[in-house]
Amino acid sequence: MAKISFEKVPHKSPTPADKRTALMADPGFGRVFSDHMVTVQWTQGVGWHDAKVRAREPFQMDPAAAVLHYAQEIFEGMKAYRKPGGGFGLFRPDENARRFNESAKRMAMPDVPEEMFLEAIDQLVKVDADWVPSGEGSYYLRPFMFASEAFLGVRPANEYIFCVIGCPVGAYFKGGFKTVQVWVSEEYTRAAPGGTGAAKCGGNYASSLVATKEAFDNGCDQVVFLDAVERKWIDELGGMNIFFVMDDRSIITPPLNTILPGITRESVMKLASDAGYKVAETPYSFDQWQADARSGKLREAFACGTAAVIAGIGKVKYRGGEFAIGNSGDGEATTKLRAQLTGIQRGTVDDTYGWMRSVAA
Ligand SMILES: *Cc1c(COP(=O)(O)O)cnc(C)c1O
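Each value, and the rule that gives it
Residues numbered from 1 in each chain as written. Predicted model: local features only at pLDDT ≥ 70, side-chain atom pairs only at ≥ 80, totals over all residues. Heavy atoms only, no water. UniProt positions renumbered as here; feature names shortened; annotations may be inferred. Phe/Tyr/Trp six-rings, centres within 6.5 Å; stacked < 30°, edge-to-face > 60°. Helix = DSSP H or I, 4+ residues; strand = E, 2+ residues; numbered from the N terminus. Buried < 20%, exposed > 50% of the residue type's maximum accessible area, 1.4 Å probe, protein only. Lys NZ or Arg CZ within 6 Å of the ring centre and 35° of its normal. Domains from an automatic or database assignment. Contact = heavy atoms within 4.5 Å. Buried area = accessible area lost by both parts, 1.4 Å probe.

Under an unreviewed UniProt entry, the name given to the protein chain is Branched-chain-amino-acid aminotransferase, and the source organism is Variibacter gotjawalensis. Its UniProt record gives the protein chain a comment under Cofactor (unreviewed entry), which states: "pyridoxal 5'-phosphate". Turning to the protein chain, the UniProt annotation filed under Function (unreviewed entry) states: "Acts on leucine, isoleucine and valine."

Structure, rendered in structure tokens:
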């Protein structure tokens with residue numbers, strides 16, 4: 001298809017600088033949004049059209065819009081960082097573009113040209129450059145696509161909207177890293193073979209919220225899901241992948257299939273293997289996890305994803321009890337891998353893997 005060009009319709013009354021500074025002082029995660037958004041429409045028979053960089057504002061939606069009834073929606077998440085020498089760096093956005101299309105395929109949605117996806121992201125970073133925090137924070141980009149057609153019959157929709165919004169976010173761990181506590185859900189599962197576990201779709205999150213609430217109610221930060229067939233194997237967290245570090249410098253992470261193929265997960269596997277760890281994608285059971293934590297064979301466990309990057313797991317709770325991992329603090333591998341990965345992302349460590357995409361200021 002021909003290269004799509006974006007019409008620029010600047011915001012008529014962008015947030016004044018002093019108000020923006022106040023909003024960015026403590027943005028948290030996903031509460032403060034920058035002034036603009038990118039939208040592109042798709043219609044059956046026409047394809048992608050009407051690409052705009054414009055003021056962020058509510059959508060006009062028909063109450064019968066298919067997404068509101070049948071959840072035909074997918075999304076992505078990535079971060080832009082201010083580079084030490086000026087300009088911005090995005091961490092592996094081409095991988096997000098590729099995964100977005102994998103999710104689209106699974107949800108019977110149209111293909112989004114990788115070039116259009118990347119151009120939309122560049123445009124938003126450029127127009128809202130003032131919203132990219134310096135220091136510890138970053139600018140989180142949320143590309144998503146949903147079925148906008150007004151139709152209650154059950155079939156893939158004939159109209160979609162692709163949109164990118166962005167928000168300044170603070171450091172995930174304020175005042176230094178601390179390990180998280182996780183809750184292992186033995187009642188609810190998130191994905192079965194043949195289902196949508198590998199797609200980044202809103203529906204997966206909708207069905208995981210009751211387990212997340214159970215985790216919160218039990219004083220935990222996150223939920224860990226077991227496989228849906230045997231309720232035996234560790235899958236992943238609600239929105240993060242998981243790694244186990246053993247006393248013989250081997251590292252285990254669950255294999256792909258029903259889990260989300262995390263870009264952080266894949267990057268960690270490369271970094272760990274190049275650092276001399278033996279990395280294996282192997283099923284790991286909840287029973288084994290408990291036994292290895294108790295015997296001391298398991299030294300560390302951590303969760304990883306775009307938002308937190310790498311979060312050490314200090315304690316595990318479940319219906320029948322709880323156990324600690326290592327000394328409940330961040331271990332050596334967790335600390336080292338996190339320093340290397342965040343260094344590459346922020347431009348303070350050499351990007352020998354060619355992972356960063358630059359956007360000019
Ligand atoms: C997005 C996501 C992850 C992490 O993927 P990254 O590409 O590393 O951000 C892990 N699990 C689920 C369910 C996710 O939606």
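Right, picking up where we left off after that structure.
Before going further, it helps to spend a moment on the packing of aromatic side chains. Enumeration over the complete set of coordinates arrives at 19 aromatic pairs. Ring centres of F75 and Y205 lie 5.4 Å apart, and the angle between their planes is 65°; on these two criteria the pair is classed as edge-to-face. One end of the pair, F75, is in strand β4 (residues 73-75); the other, Y205, is in helix α5 (residues 202-217), with 130 residues separating them in the sequence. For F75, a relative accessible area of 7% puts it in the buried group. Among the aromatic residues, ring-to-ring pairing joins F244, Y284, F286, W289, Y318 and F323 into one connected group. Positioned above the aromatic ring of F33, the side-chain terminus of R56 is 4.4 Å from the ring centre. Its end group placed over the ring of Y277, R249 keeps NZ or CZ at 4.2 Å from the ring centre.

Let us look at the domain arrangement of the protein chain. One can read the domain layout of the protein chain as domain 1 (7-169) and domain 2 (180-346). Distance from the C-alpha centre of domain 1 to the C-alpha centre of domain 2: 28 Å. Counting residues at the interface gives 23 residues for domain 1, matched by 21 residues for domain 2. A buried area of about 1900 Å², summed over both sides, lies between domain 1 and domain 2, and 57% of it is on carbon and sulfur atoms.

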